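Structure assessment
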Amino acid sequence: MKKEIVKGIEIIDLALFLKAEKLLAITDLQLGYEGMLNSQGVFVPRLNFEEIKRRLGDKTFPHAKGAEKILVNGDLKHEFGEISRQEWREVAELIELLKAHCKEVILVKGNHDAILGPIAKSMGVKVVEHYFAEKSKTLFIHGHKEPGKELLKGAETIVIGHEHPAVSIKDGVKSETYKCFLRGKYKGKTLIVMPSLNFVSMGSDVTKSEILGPMISNVNEFEVFAVEDKVYYMGKAGSL
């Protein structure tokens with residue numbers, strides 16, 4: 001399951017693979033999300049982490065052989081102001097899993113990652129505000145705030161998460177929702193929006209839901225790549 005979304009950048013299930021850098025990127029795992037829901041009286045089984053591991057093992061790692069770096073583009077954990085026991089345990093195990101499939105793990109800070117530092121430090125992994133892949137001239141930022149002009153210099157492609165994009169497809173009275181990638185423009189540069197690697201929720205339908213971050217001004221002009229058994233190009237969001 002591979003499809004090139006930009007020259008040199010492939011979609012592999014819910015991940016991106018930069019061939020020149022041998023870099024695999026995922027985003028928005030939000031580990032610990034079920035614990036937060038449970039604390040609010042919403043009782044859902046804690047299956048997100050198991051599904052993430054299964055999905056990576058079955059659909060991502062086998063098709064990204066040779067990856068030397070794995071980048072998490074923000075929101076590895078869910079809680080804003082604390083680190084829950086569930087988060088600490090799952091984040092540590094996830095980092096060990098990623099390390100087993102690459103030489104270097106990179107954590108880009110998302111809006112849910114205010115206090116990710118202690119876990120990352122204990123695992124020997126650094127947390128960065130952004131990451132620039134020089135060979136492919138690709139800038140990774142989480143997407144919850146606009147990048148400054150200096151940060152954009154030299155970048156041809158920007159990759160963000162944060163939005164958890166999905167799209168609903170109707171067949172008569174039946175409707176199915178699929179996680180999706182978006183491809184559009186931001187200040188003259190190609191902007192790729194990645195889907196979440198979180199399975200508590202399918203995400204937000206880009207044709208119906210409000211855009212969360214400041215980097216998408218008109219989502220109708222963005223092209224949609226839906227992910228199911230393979231990657232399906234759906235055309236522009238405004239035509240769906």
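The coordinates are above.
Now for a look at the structure at hand.

Quick notes on the rules
Residues numbered from 1 in each chain as written. Predicted model: local features only at pLDDT ≥ 70, side-chain atom pairs only at ≥ 80, totals over all residues. Heavy atoms only, no water. Buried < 20%, exposed > 50% of the residue type's maximum accessible area, 1.4 Å probe, protein only. Helix = DSSP H or I, 4+ residues; strand = E, 2+ residues; numbered from the N terminus. Pairing = 2+ DSSP bridges. Contact = heavy atoms within 4.5 Å. Axes fitted to C-alpha atoms, helices over the stretch in contact; angles between N-to-C directions. Salt bridge = Lys/Arg side-chain N within 4 Å of Asp/Glu carboxyl O.

Looking now at the pairing of strand β2 (residues 9-12). Here β2 shows two buried faces, one formed by Ile-9 and Ile-11 and the other by Glu-10 and Ile-12. Across four bridges, the pairing between strand β1 (residues 2-6) and β2 is antiparallel. Across the sheet, the residue bridging to Lys-2 is Ile-12, located in β2. Here β1 hands over to β2 after two residues, with Gly-8 in that stretch at a positive phi of 90°. If you look at the hairpin formed by β2 and strand β3 (residues 15-18), you'll find two residues sitting between the two strands, and Asp-13 has a positive phi there, around 55°.

The next point concerns the environment of Met-202. Examined against the element boundaries, Met-202 turns out to sit in the loop between β13 (189-193) and β14 (204-205). Met-202 gets classed as partly exposed once you look at its relative accessible area, which sits at 37%. Measuring from C-alpha to C-alpha, the distance between Met-202 and Tyr-178 comes to 6.8 Å, with 24 residues separating the pair along the chain.

Across the sheet, seven strands lie side by side as β1-β2-β3-β4-β5-β6-β7; this open sheet has mixed pairing. Of all strands in the sheet, those with a lone pairing partner are β1 and β7 (127-128), marking the two edges. For strand β6 (residues 104-108) and β7, the ladder comprises two bridges, and the chain directions are parallel. Bridge pairing in β7 places Leu-107 opposite Val-127. Strands β4 (23-26), β5 (69-73) and β6 of the sheet are contacted by helix α3 (residues 85-99), whose axis makes an angle of about 135° with β6.

Going residue by residue along β3, you find Ala-15 and Phe-17 tucked away on one face and Leu-16 and Leu-18 tucked away on the opposite face as well. As paired strands, β2 and β3 are joined by four bridges and run antiparallel to one another. Following the sheet pairing, Ile-12 is matched in β3 by Ala-15. In this structure, β3 lies alongside β4, joined through three bridges in antiparallel fashion. Within β4, the residue paired with Leu-16 across the bridge is Ala-25.

For side chains of opposite charge, pairing can occur when their charged atoms come near one another. The full count for this structure, using the stated rule, is 16 salt bridges. Put simply, Glu-221 and Lys-236 hold a salt bridge, and the shortest N to O gap is 2.9 Å. Remark: Lys-236 occurs in strand β16 (residues 231-236) and Glu-221 occurs in the loop between β14 and β15 (223-227); sequence separation between them is 15 residues. Overall, the relative accessible area of 45% leaves Glu-221 in the partly exposed class.

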